[in-house]
Each structure stands twice: as C-alpha cells, then as structure tokens.
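Structural characterization, general
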Amino acid sequence: MGLGLRWTLHGDGRTPAPGAVVRPDERLSWPRTAGLGAQHVVAMFGASFVAPVLMGLDPNLAIMMSGVATAIFLLATRGRVPSYLGCSLSFVGVAAAIRASGGDSAVVTGSVFVVGVALFLAGLAVRRFGARVIHAAMPPVVTGAVVMLIGFNLAPVTASTYWPQDQWTALLTMLFTGAAVVCLRGFWSRIAIFLGLLFGYGISWISDLLFGKIHSTVGGEAAVDHWRLDLSGVGTADWIGLPSFHAPQFEWSAILIALPVVIALIAENAGHIKAVGEMTGDPLDDELGTAIAADGAASMLSTAVGGPPNTTYSENIGVMAATRVYSTAAYWAAAGFALLFGLCPKFGAVVAAIPGGVLGGITVILYGMIGLLGAQIWINGGVDLRNPLNLVPAAAGIIIGIGGVKLQLTDSFELGGIALGTIVVITGYHALRYFAPAHLKRQEPLLDAGTSAYDSDRGDAGEGAGGGAARDDRP
C-alpha cells in the first residue's frame, strides 16, 4: 500500500452498497469525501476544542497541530488505520494539577512533551516485543485504576472553578448535554458535546439580555460583576493569522504528574486499533506498536511548539460506524480542514470565549466519563474486585489520586495526586502479587485483547475476549 495515498473509487462514488463498507484504501467522490472529513472535525469539536481551553492553551494552535498529527499518523500506519487525532481529555487533569502548583503553559507543554517521548518509546517496545511487554507492567486492573483516578481527580476543578461562575447555566447545560448524549441518534449523538456548547452559548447570551451582568467568581478568583458571554475578543481578532507558539519548559515535579497519562493513552490506542480492525474486517493488531509510536511522535511535535498532545479519538469510531466509510482519504480531508481552522484567529477567539458556566455543565459529564472509562476497562478485562490482590492497590491508589494525598520527600519536592496514586497502584499491585498466595493469582487478558472492545452488537461488554476466562479462574 506504500504510504496509503492511493484510493480506488468505491462503487459509483456516492454511497456504500447495502451491507458493504468503504475500506481504508477506497474512497467516495471527492466532494463526498471532503464532506465526511468536515464531519469528523465537527464530531470531535466538543472534546477536542474544550480540552485545550481547559488546559489553558491556544485553541487555534491546537486545531492546527491536530491536522499535522493526523497526517503523521496516517503516513506512519501507511493508510491502514483511519483516525483523526485530537487532544486527549486525559491531559486536562495533568494541566490543572501543574497550574495549581504554579506551573505555566510552558511547563504544561514541557511535561506532556515527555509523555509523548514515553509513548513513542512504548510504541517501539510493542513493535519489538509485542503487547505482552506492556501487559506485564499494566494489566487491566492497573490500567483501569489509573484512568479512573485521572478522571475523578478533575472533580474539584469543576466544583471550584467553572460551576460557581454561573451555576444555573451550568445546570441547564449539564441537563441538555446529558439528554443529547442519551436521546439523540447517529451523527447527532456524536456531536452531543458540541450541541451542549451551542446550547450553553445561547443560554448565556439570553441571560445577559434578561438579567444583565452576573456577580460571581471568575476562574476561582474573587467575585466580580461580569458578562456571562464576553465576545469582545472575537471582534478584535483577525480572520487570517498564525497561532501563538511557545517553547516547552521542563520541571521534574510537573513531569512526574504527567507521566501516568501514558497508561491511559496506551489503553485508548489499544481500544481504537481493536475497534477499527473489527469494523473493517482487517485485523490490525500488528499496527498497535506503530499507532502508539505515531501518537507519541505527533504529540512531541505539537508540544514542542506550544500545542497540546494528540491521540486517537473514540468519536471517530462512532462516525465511521454510522457512515460505514473507513476511507483514509476522508481523514486527509479532515486534516486539511483542521489546518484552515488553525489559521483563523477569529475562530479561536470564539472557542476561547466559552462561558465558565457552560464549561461547568460540560465538564461535569466529561470528567465523569473519563473516570468511568476506567470502570469499563475493568469490565472488559474481567477484573474481579472481590479478589484483594486487585482491590487493595486499586482502592488505595484511587483515593490518593482523587483526594490529592501528598508525600513530602524533601523540603522542595513532594509527590501527590495523580503521580503518587499511579505509583501506588502499579508498585502495590506487583509487590502484592509477588507475595500473594497462589489461589489469588490468575491470568489477566492481554492489554490489546481485553481493555477495550467495540461491542456494537452485544449488550454485555464483560463477555469480551478476556471476560470468560477471568470468570472461570476466580477463586
């Protein structure tokens, strides 16, 4: 397939035939392909643009580098793995923790640059030794616990920073977004977060017209009178221009906070590769290492210029499943649209103007979803929490991560929150497993076969590849 830059026309180029799919090396007509590319960008808009805003990074640079990252990923996987890369929400907790300890945007991007390096090296290790090298250190019980503590560690950010800015807008936005996620179907359900943002914008604008300024905190600071929706920056922004760049800065304390996200990213990639392979009928397990390394390389490039890290996105899977179009040509089109958006500062100003109350309603759902993905990993991996070997390290690490427990090592260095919780989960599990009696030990499913699966035709995710074996061996 070479670099995967050649596509054959599927059928008449209009729609897939009944029961057929448009494979990665096929395409529809170019106008339809461009439309599908735009649809992928819109489907990711909610999470992909909210994440860099919550991290305090330039949304224009974020969307531009997501296009560059997508191109790198498609070239690295030689067009076999259709995917659009965007900023993972797993990094939001890292950014919040680093900023809470006094770090700025340069420190944030420096720490996640190191995460990109670690992810790249993990991908090379998987290519060389297979998924077992990852599984040996991070079985599903560990992976799920780390993902859970990363997500739930963000709860105080919503409670103290965003929600108090406008509690009623936050509540209405939360209710609308939740209803959209559950009640809408097809493509509309994939852009539920985006629809929630639009709804929140509208509510904030109407509230300003009816009630005037609101007296509340702004970004956790003292309460002041302010407009809920301030679009003054949009009017002064240029239509065409480059985003702002900055160099990363490296601090060990911030790097230790960020490194645990590597575990979540490996799990995300494993699930994405598994899902796409099942949907296209082309097993892609041999591409797992390449995909992980490509994500790492793309993240390194993005953060080196001040942008956010990038990874594969589950919204893509939903759009592909709904349209039955897996053509990588559509993802090249999406990358092109992303680059164009990145060159429009006015667009970035609109994103940056998202009212705090709207973010409060959105993040209640998003942060909770991140945390509960950890529980989904446990379910798909058949993790038995009645087994104290699984229960004890997971329970201790999660409470440390969520509660912000700190361990003062020296006068100037401490471990706490996400970093300490992750260390406790990983080292605690392996230490306890070494000393545990034989009847508590059982074989876990492989990471790339048990942490995530696309079970569109099955109601019980626990019946996946690893679930049955795990139940047969329970003590």
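Residues numbered from 1 in each chain as written. Predicted model: local features only at pLDDT ≥ 70, side-chain atom pairs only at ≥ 80, totals over all residues. Heavy atoms only, no water.

It is worth spelling out the packing of aromatic side chains at this point. Counted under the stated rule, the structure contains five aromatic pairs. Looking at Lys346, its charged tip hangs above the ring of Trp239, at a distance of 5.1 Å from the centre. (Phe/Tyr/Trp six-rings, centres within 6.5 Å; stacked < 30°, edge-to-face > 60°. Lys NZ or Arg CZ within 6 Å of the ring centre and 35° of its normal.)

For helix α20 (residues 388-403), spanning 16 residues, the distance from its first C-alpha to its last is 22 Å, which sits close to the expected 22 Å at 1.5 Å a residue. Listed as buried for α20 are Leu389, Asn390, Pro393, Ala394, Gly397, Ile398, Ile400 and Gly401. With its buried residues spanning 165° around the axis, α20 presents them on a single face. Turned more than 90 degrees from where α20 packs its buried face, Ile399 and Gly403 sit exposed. Against α7 (140-152), α19 (356-380) and α21 (417-435) lie the buried residues of α20. Its side-chain oxygen placed 3.0 Å from the backbone nitrogen of Leu389, Asn387 serves as the N-cap of α20. Downstream of α20 by one or two residues, Gly404 has phi in the positive range, about 70°. (Helix = DSSP H or I, 4+ residues; strand = E, 2+ residues; numbered from the N terminus. Expected span 1.5 Å × (residues − 1). Buried < 20%, exposed > 50% of the residue type's maximum accessible area, 1.4 Å probe, protein only. Arc of directions from axis to C-beta. Contact = heavy atoms within 4.5 Å. Polar contact = N/O pair within 3.5 Å; in protein donor to acceptor, adjacent residues only side chain to side chain.)

Let us now look at the packing of helix α3 (residues 59-76) against helix α17 (residues 328-342). It is at 7 Å that the axes of α3 and α17 come closest, and there the two elements cross at 155°. In terms of their interaxial angle, α3 and α17 are classed as roughly antiparallel. In this structure, α3 meets α17 at a crossing whose hand is left-handed. Contacts between α3 and α17 involve Asn60, Ile63, Met64, Ser66, Gly67, Val68, Thr70, Ala71, Leu74 and Leu75 from the former and Thr328, Tyr331, Trp332, Ala335, Ala338, Leu339, Phe341 and Gly342 from the latter. Among the residues forming the contact of α3 with α17, the class breakdown is 12 nonpolar, six polar and no charged. (Axes fitted to C-alpha atoms, helices over the stretch in contact; angles between N-to-C directions. Parallel < 35°, antiparallel > 145°, perpendicular 65-115°, else oblique. Left-handed = near helix turned anticlockwise from the far one by under 90°. Nonpolar A, V, L, I, M, F, W, Y, C, P; charged D, E, K, R; others polar.)

Our next topic: the environment of Thr328. For Thr328, the location among the structural elements is in helix α17. Taking the C-alpha atoms as reference points, Thr328 and Ser83, 245 residues apart in sequence, are found 7.6 Å from one another. For Thr328, the residues in contact, after removing those within four places along its chain, are Gly4, Trp7, Pro24, Leu74, Gly79, Val81 and Pro82. Here the side chain of Thr328 touches Pro24 through a polar contact of 3.1 Å, landing on its backbone oxygen.

The next subject is unusual backbone geometry. The residue Arg78 is not glycine, and still its phi comes out positive at about 55°. With respect to the helices, strands and loops of the structure, Arg78 is situated in the loop between α3 and β3 (85-86).

With that settled, consider the pattern of salt bridges. Tallied over the entire structure, the rule returns six salt bridges. In this structure, Asp286 and Arg80 form a salt bridge, with 3.0 Å as the shortest nitrogen-oxygen distance. Of this pair, Asp286 sits in the loop between α14 (261-280) and α15 (288-304) while Arg80 sits in the loop between α3 and β3; the two residues are 206 residues apart in sequence, bridging distant segments of the chain. Residue classification places Arg80 among the buried positions, given a relative accessible area of 18%. By sharing partners, the salt bridges in this structure join Arg78, Arg80, Asp286 and Glu287 into a single network. (Salt bridge = Lys/Arg side-chain N within 4 Å of Asp/Glu carboxyl O.)

Turning next to the side chain of Asp58. Relative to the elements of secondary structure, Asp58 occurs in the loop between α2 (45-55) and α3. Among buried Asp, Glu, Lys and Arg side chains, Asp58 stands out as unpaired, with Arg99 the closest opposite charge at 11 Å. A distance of 2.9 Å separates the side chain of Asp58 from the backbone nitrogen of Asn60, its partner in a polar contact. The contacts of Asp58, once residues within four sequence positions are left out, are Pro243 and Ser244. (Lys, Arg positive; Asp, Glu negative; His and termini not counted.)

Its 15 residues place the ends of α17 21 Å apart at the C-alpha level, agreeing with the 21 Å of an ideal helix rising 1.5 Å per residue. Among the residues of α17, those classed as buried are Thr328, Ala329, Ala330, Tyr331, Ala333, Ala334, Ala335, Ala338 and Gly342. N-cap assignment for α17: the residue whose side-chain oxygen lies 3.1 Å from the backbone N of Ala329 is Ser327.

A word on the packing of helix α9 (residues 167-183) against helix α11 (residues 192-211). Where α9 meets α11, the axes come as close as 9 Å, and the angle between the chain directions of the two elements is 150°. In terms of orientation, α9 lies roughly antiparallel with respect to α11. Crossing geometry of α9 relative to α11 is assigned as right-handed. Here Thr169, Leu172, Thr173, Phe176, Thr177, Ala180 and Val181 of α9 come into contact with α11, specifically with Ala192, Ile193, Leu195, Gly196, Phe199, Gly200, Ile203, Ser204 and Ser207. Among the residues forming the contact of α9 with α11, the class breakdown is nine nonpolar, seven polar and no charged.

Read these as layout, nothing more, since geometry by itself doesn't imply function.
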